[in-house]
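If you want the building blocks of each chain, they are given just below.
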Amino acid sequence: MAEAHEFDQQIREAFGTQFALERELPGGGMSRVYLATERALNRKVVIKVLPPELAAGVNRERFRREIQLAAQLQHPHIVPLYAAGAHGDLLYYTMPFIEGESLKHALHGERPQRFTPRDVMRILQDVVDALAYAHGRGVIHRDIKPGNVLRSGTHAVVTDFGVAKAISAAMPAVGMTASGMVIGTPAYMAPEQLAGDPAADQRVDIYAVGLLAYELLTGTAPFERASPAETMAARRRTIYVFYDKCAAAGQAPAVVRPRLQASGPVTLPTSEREVGV
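The sections below set out a description of the structure shown in this document. Nothing here was measured: the structure is a model prediction, and the numbers come from that model. (Residues numbered from 1 in each chain as written. Predicted model: local features only at pLDDT ≥ 70, side-chain atom pairs only at ≥ 80, totals over all residues. Heavy atoms only, no water.)

Bringing the overall build of the protein into the picture now. Looking only at helices and strands, the protein features ten helices and seven strands. Per-residue burial for the protein yields a buried fraction of 51% across its 277 residues. Partitioning the intrachain contacts of the protein with sequence separation of at least 6 by distance along the chain shows that 60% fall at a separation of at least 24. When the accessible surface of the protein is split by element, carbon and sulfur atoms take 51% of a total near 13300 Å². (Helix = DSSP H or I, 4+ residues; strand = E, 2+ residues; numbered from the N terminus. Buried < 20%, exposed > 50% of the residue type's maximum accessible area, 1.4 Å probe, protein only. Contact = heavy atoms within 4.5 Å. Areas by Shrake-Rupley, 256 points an atom, 1.4 Å probe, with all protein chains shown as cover.)

This is the structure we're talking about:
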């Protein structure tokens with residue numbers, strides 16, 4: 001409790017001059033997420049603060065450069081990054097506040113929503129459009145999941161673009177911290193990403209789109225487990241026949257085909273054009 005209070009005090013000291021903090025937002029995963037008003041421009045922003053145990057191993061200059069690269073993305077289905085910075089032991093980045101809910105909240109919140117195949121196709125088209133744009137500029141998301149896709153009006157927008165890559169690239173080991181913390185969300189990772197393969201490319205995002213499509217159609221994540229080890233074990237022992245699982249929801253898009261559940265990247269689509277959304 002004392003440590004949590006000390007961390008909250010550190011947050012307020014770090015951002016009090018530049019931002020007026022309003023409240024902490026839920027669902028931040030490994031980060032602490034705050035809604036704030038940027039004093040200079042009087043605009044709502046989201047501040048995401050990396051946990052100290054993760055920030056301690058990050059090369060801050062490399063992290064800043066990677067965030068700058070991701071911040072150059074300008075696309076209607078991508079939530080832009082504003083800036084990255086450090087204050088003492090804190091490492092953070094900022095982005096605009098988007099009115100709307102995440103797909104995670106829509107699927108698993110207090111009033112779970114079921115999406116029609118038409119809804120799913122519309123969402124996937126926006127997500128794949130964003131990925132195609134980013135991949136064409138050399139930026140891989142590496143953490144596509146329902147929590148990182150927001151519904152804004154009638155459209156879907158992808159948030160945290162390039163952040164997982166920035167953290168991974170700024171760590172001494174690829175994809176994983178020295179303490180064994182996986183960068184990303186294991187339940188939505190391609191096998192080569194879980195293994196920390198330095199050759200992992202844009203196909204890890206396409207793989208995650210397949211899992212996203214499955215969850216939107218069925219309401220459940222195919223590989224949701226308590227730890228990375230259990231997630232990998234579930235992949236080995238579980239065979240998902242996607243067409244059977246999705247039949248009740250209607251026609252499944254091509255991205256949900258069983259080939260996306262293969263054990264390596266060689267069987268995956270290499271570009272968004274092959275996804276079939």
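This next bit is on helix H5 (residues 117–135). Taking 1.5 Å of rise per residue, the 19 residues of H5 would be expected to cover 27 Å, and the 26 Å separating its terminal C-alpha atoms lies within 8% of that figure. Of the residues making up H5, those classed as buried are Val120, Ile123, Leu124, Asp126, Val127, Val128, Ala130, Leu131, Tyr133, Ala134 and His135. (Expected span 1.5 Å × (residues − 1).)

Attention now goes to the side chain of arginine 203. Residue position: arginine 203 is located in helix H8 (residues 203–218). Taking relative accessible area as the criterion, arginine 203 reaches 18% and is therefore assigned buried. Polar side-chain contacts of arginine 203 include one of 2.9 Å to the side chain of aspartate 201. (Polar contact = N/O pair within 3.5 Å; in protein donor to acceptor, adjacent residues only side chain to side chain.)

A positive phi is found at asparagine 42, a non-glycine position, where the angle reads about 50°. Its location among the elements puts asparagine 42 in the loop between strand S2 (32–38) and strand S3 (43–49). One non-glycine residue, arginine 142, adopts positive backbone phi at about 75°. Secondary-structure assignment places arginine 142 in the loop between H5 and strand S6 (149–152). On the basis of relative accessible area, arginine 142 is assigned to the buried category, the value being 16%.

Below, the discussion takes up H8. Helix length check: H8, at 16 residues, gives a terminal C-alpha distance of 23 Å against a target of 22 Å (1.5 Å per residue), a fit within 8%. Most of H8 sits out of view: 16 of its 16 residues are buried. Following H8 by one or two positions, glycine 219 has its phi on the positive side, about 85°.

The next thing to look at is the sheet that holds S2. Overall, antiparallel pairing links the five strands, which are arranged S1-S2-S3-S5-S4 in an open sheet. Edge positions in the sheet fall to strand S1 (19–25) and strand S4 (83–87), since each of these pairs with one other strand and no more. Each strand axis lies, on average, 30° off the axis of its neighbour in the sheet, ignoring direction. Pairing geometry for S1 and S2, over six bridges, is antiparallel. Residue pairing in the sheet places leucine 25 in a bridge with valine 33 of S2. (Pairing = 2+ DSSP bridges. Axes fitted to C-alpha atoms, helices over the stretch in contact; angles between N-to-C directions.)

Our next topic: the packing of H5 against H8. Between H5 and H8, the least distance of the axes is 10 Å, while the angle of their chain directions is 165°. What the angle tells us is that H5 and H8 run roughly antiparallel. Between H5 and H8 lies a crossing whose hand is right-handed. Listed contacts from H8 to Pro117, Val120, Ile123, Leu124, Val127, Val128, Leu131 and His135 of H5 are Asp205, Val209, Leu212, Ala213, Leu216 and Leu217. The residue inventory of the contact of H5 with H8, partitioned by class, reads twelve nonpolar, one polar and one charged. (Parallel < 35°, antiparallel > 145°, perpendicular 65-115°, else oblique. Left-handed = near helix turned anticlockwise from the far one by under 90°. Nonpolar A, V, L, I, M, F, W, Y, C, P; charged D, E, K, R; others polar.)

Attention now goes to the environment of glycine 147. Tracing the backbone through its elements, the reader meets glycine 147 in the loop between H5 and S6. By relative accessible area, which is 25% here, glycine 147 ends up partly exposed. Considered as a pair, glycine 147 and valine 158 are eleven residues apart in the sequence and their alpha carbons are 9.3 Å apart. Beyond its immediate sequence surroundings of up to four residues, glycine 147 is in contact with Ser102, Lys104 and Thr159.

Tracing the chain through its elements places leucine 81 in the loop between helix H3 (60–71) and S4. The class for leucine 81 is buried, based on a relative accessible area of 5%. Placed 80 residues apart in sequence, leucine 81 and phenylalanine 161 show a C-alpha to C-alpha distance of 7.9 Å. The contacts of leucine 81, once residues within four sequence positions are left out, are Ile67, Ala70, Ala71, Tyr93, Thr94, Met95, Phe161 and Val163.

Applying the stated criterion across every chain, the model contains two aromatic pairs. Here phenylalanine 15 and phenylalanine 19 contribute two aromatic rings whose centre-to-centre distance is 6.1 Å and whose plane-to-plane angle is 75°, an arrangement assigned as edge-to-face. Neither phenylalanine 15 nor phenylalanine 19 differs from the other in exposure class; each is buried. For the ring pair phenylalanine 15 and tyrosine 92, a centre distance of 4.7 Å and an interplane angle of 85° mean the geometry is edge-to-face. Residue phenylalanine 15 is found in helix H1 (residues 2–15), and its partner tyrosine 92 is found in strand S5 (residues 90–96); the two are separated by 77 residues along the sequence. Residue phenylalanine 15 is classed as buried on the basis of its relative accessible area, which comes to 1%. Ring pairing ties together the aromatic residues Phe15, Phe19 and Tyr92, which thus form one cluster. (Phe/Tyr/Trp six-rings, centres within 6.5 Å; stacked < 30°, edge-to-face > 60°.)

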